[in-house]
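# Descriptive analysis of the structure
So you can see what is in the structure, the chains are spelled out below.
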Amino acid sequence: VKPGMVPPPPGEESQTVILPPGWQSYLSPQGRRYYVNTTTNETTWERPSSSPGIPASPGSHRSSLPPTVNGYHASGTPAHPPETAHMSVRKSTGDSQNLGSSSPSKKQSKENTITINCVTFPHPDTMPEQQLLKPTEWSYCDYFWADKKDPQGNGTVAGFELLLQKQLKGKQMQKEMSEFIRERIKIEEDYAKNLAKLSQNSLASQEEGSLGEAWAQVKKSLADEAEVHLKFSAKLHSEVEKPLMNFRENFKKDMKKCDHHIADLRKQLASRYASVEKARKALTERQRDLEMKTQQLEIKLSNKTEEDIKKARRKSTQAGDDLMRCVDLYNQAQSKWFEEMVTTTLELERLEVERVEMIRQHLCQYTQLRHETDMFNQSTVEPVDQLLRKVDPAKDRELWVREHKTGSIRPVDMEI
């Protein structure tokens, strides 16, 4: 289905229906078509008119759509779905759906759903493919609805738990990177200390002339280089190690709160599902009892049997009402879990992007400091290069001879 186009309604297959500008059509999880105005965020079950000046939809239809929470309808459908032309689809086995409609009078057929670990999904054999919430991305909010078998044991791990483990692993990796930089700093500090110590060594300090000056500059360059490495280590600490270590100091505590919140919603969902099953079982028993009493009435007519049937019918009706109420409460709990899952997984996704970007920036700072250190190190040896180019053995010999000469008259042969 292209953007702005919808399939013709039954009986109008021969023509293509064109929507007014700004309107898109989508299918609800129950297969009912609805329309969204991407400009005004208006939603309606009624197809908007393409004629100018005619209202897009009567207000009575707009109010019948479920309210949106955190950008999503209570049924789990995006409040503002992306354009269908760019929409990816996925099999319905991995997505969350309601056990039924939010109203007990619009219960979803049980054959169209399958319940796994108290979460109701569309049945893969009867439900159409679902649209991804973020079709252009491999987003957390689209791929972690189902539970996964625990490789460590016989149980299962919730999809949200996998996301949480990744967040905590990311925090641990960040901490280990900080410890790695700490070791790098220690190496720099030890190196600077050894360079400074070596620069004070007296070896070859009696070298004279221009070569002696060059040698003295070599030793001085070691002291200058030691200073460069000390500054490098100090900047590594303040600009790389410390930010990595202190980034999100309370992250684990925050993730624990987040985990408890989603886990509580999942427990509530499991409790609601248990109530549904209990009510379903009670209804089956009441129906069986009613059927048995009806059969007894066919065999022998009596006022007592008629009274029993009326009583059994009332109990069966009450059990049916109880089941509908439990299903409604279950759907509300699942809808709440769905909304919180979408909101929280998107937040975890944002936090992961933020963490990666933060580490990238500080590693870039590390390489920048490293380049600066190399440049400063080069500057410490430039005076040495200049003096080495001025070393003149002939001049050194002249100066030394002038200072230490003992006499210029050469010996001659002895005369008899």
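Quantities reported herein were computed from a predicted structural model and do not represent experimental measurements.

## Thoughts on the overall build of the protein
- Summing up its helical and strand segments, the protein has seven helices and 13 strands in all.
- Scored against the burial criterion, the 416 residues of the protein give a buried share of 35%.
- Restricting the contact set of the protein to residue pairs at least 6 apart, pairs at least 24 apart contribute 66%.
- Just so you have it, the protein exposes about 26,200 Å², and 54% of that area is on carbon and sulfur atoms.

## So, a positive patch on the surface
- Taken together, the side chains of R286, K310, K311, R313, R314 and K315 present a region of like positive charge at the surface.
- Residue contributions to the positive patch peak at five residues, all from helix α6 (residues 303-390).
- Note on placement: K311 falls in helix α6.

## Things to note about the packing of aromatic side chains
- On inspection of all chains with the given rule, the structure shows five aromatic pairs.
- Taking 6.1 Å as the distance between ring centres and 90 degrees as the angle between the ring planes, the aromatic pair formed by Y140 and F144 counts as edge-to-face.
- Taking the centre distance of 5.7 Å and the plane angle of 75 degrees together, the rings of W145 and W337 count as edge-to-face. Highlighted residues: W145 in the loop between α2 (140-143) and β12 (148-149) and W337 in helix α6, separated in sequence by 192 residues. Of the two residues, W145 and W337, both sit in the buried class.
- Taken together, W145, W337 and F338 form an aromatic cluster joined through their ring pairs.

## A closer look at the environment of V276
- Structurally, the position occupied by V276 is in helix α5 (residues 251-299).
- Separated by 49 residues in sequence, V276 and R325 place their C-alpha atoms 8.7 Å apart.

## What about the pairing of strand β4 (residues 33-37)?
- When you tally the buried positions in β4, you get four out of five residues, the bulk of the element.
- Relative to strand β5 (residues 43-44), β4 runs antiparallel, the two being bridged by two bridges. Each residue of the ladder has a partner; that of Y35, found in β5, is T44.

## Some words on the nonpolar core
- W145, F160, W337 and L348 are the most contacted members of the largest nonpolar core, which has 31 residues in total.
- Secondary-structure elements contributing two or more residues to this core are β10 (119-122), α2, α3 (159-199), α5 and α6.
- Per element, the largest residue contribution to this core is 12 residues, and it comes from α6.
- By size, the runner-up hydrophobic cluster in this structure holds 10 residues, among which are I181, F232, L244 and L369.

## Things to note about the packing of α3 against helix α4 (residues 209-246)
- Look at α3 against α4: their axes get within 8 Å of each other, and the N-to-C directions meet at 165 degrees. Considered as vectors, α3 and α4 are oriented roughly antiparallel to each other. Considering the relative orientation of α3 and α4, their crossing is left-handed.

## Looking at helix α7 (residues 393-404)
- Look at α7: 16 Å from first C-alpha to last across 12 residues, which is about the 16 Å you get at 1.5 Å a residue.
- Residue D392 occupies the N-cap position of α7, its side-chain oxygen lying 3.1 Å from the main-chain nitrogen of A394.

About the thresholds
Residues numbered from 1 in each chain as written. Predicted model: local features only at pLDDT ≥ 70, side-chain atom pairs only at ≥ 80, totals over all residues. Heavy atoms only, no water. Helix = DSSP H or I, 4+ residues; strand = E, 2+ residues; numbered from the N terminus. Buried < 20%, exposed > 50% of the residue type's maximum accessible area, 1.4 Å probe, protein only. Contact = heavy atoms within 4.5 Å. Areas by Shrake-Rupley, 256 points an atom, 1.4 Å probe, with all protein chains shown as cover. Patch = residues over 30% accessible without salt bridge, like charges linked within 9 Å, V, L, I, M, F, W, Y side chains within 5 Å. Salt bridge = Lys/Arg side-chain N within 4 Å of Asp/Glu carboxyl O. Lys, Arg positive; Asp, Glu negative; His and termini not counted. Charge placed at Lys NZ, Arg CZ, Asp CG, Glu CD. Phe/Tyr/Trp six-rings, centres within 6.5 Å; stacked < 30°, edge-to-face > 60°. Pairing = 2+ DSSP bridges. Core = buried A, V, L, I, M, F, W, Y, C linked by side-chain atoms within 4.5 Å. Axes fitted to C-alpha atoms, helices over the stretch in contact; angles between N-to-C directions. Parallel < 35°, antiparallel > 145°, perpendicular 65-115°, else oblique. Left-handed = near helix turned anticlockwise from the far one by under 90°. Expected span 1.5 Å × (residues − 1). Polar contact = N/O pair within 3.5 Å; in protein donor to acceptor, adjacent residues only side chain to side chain.

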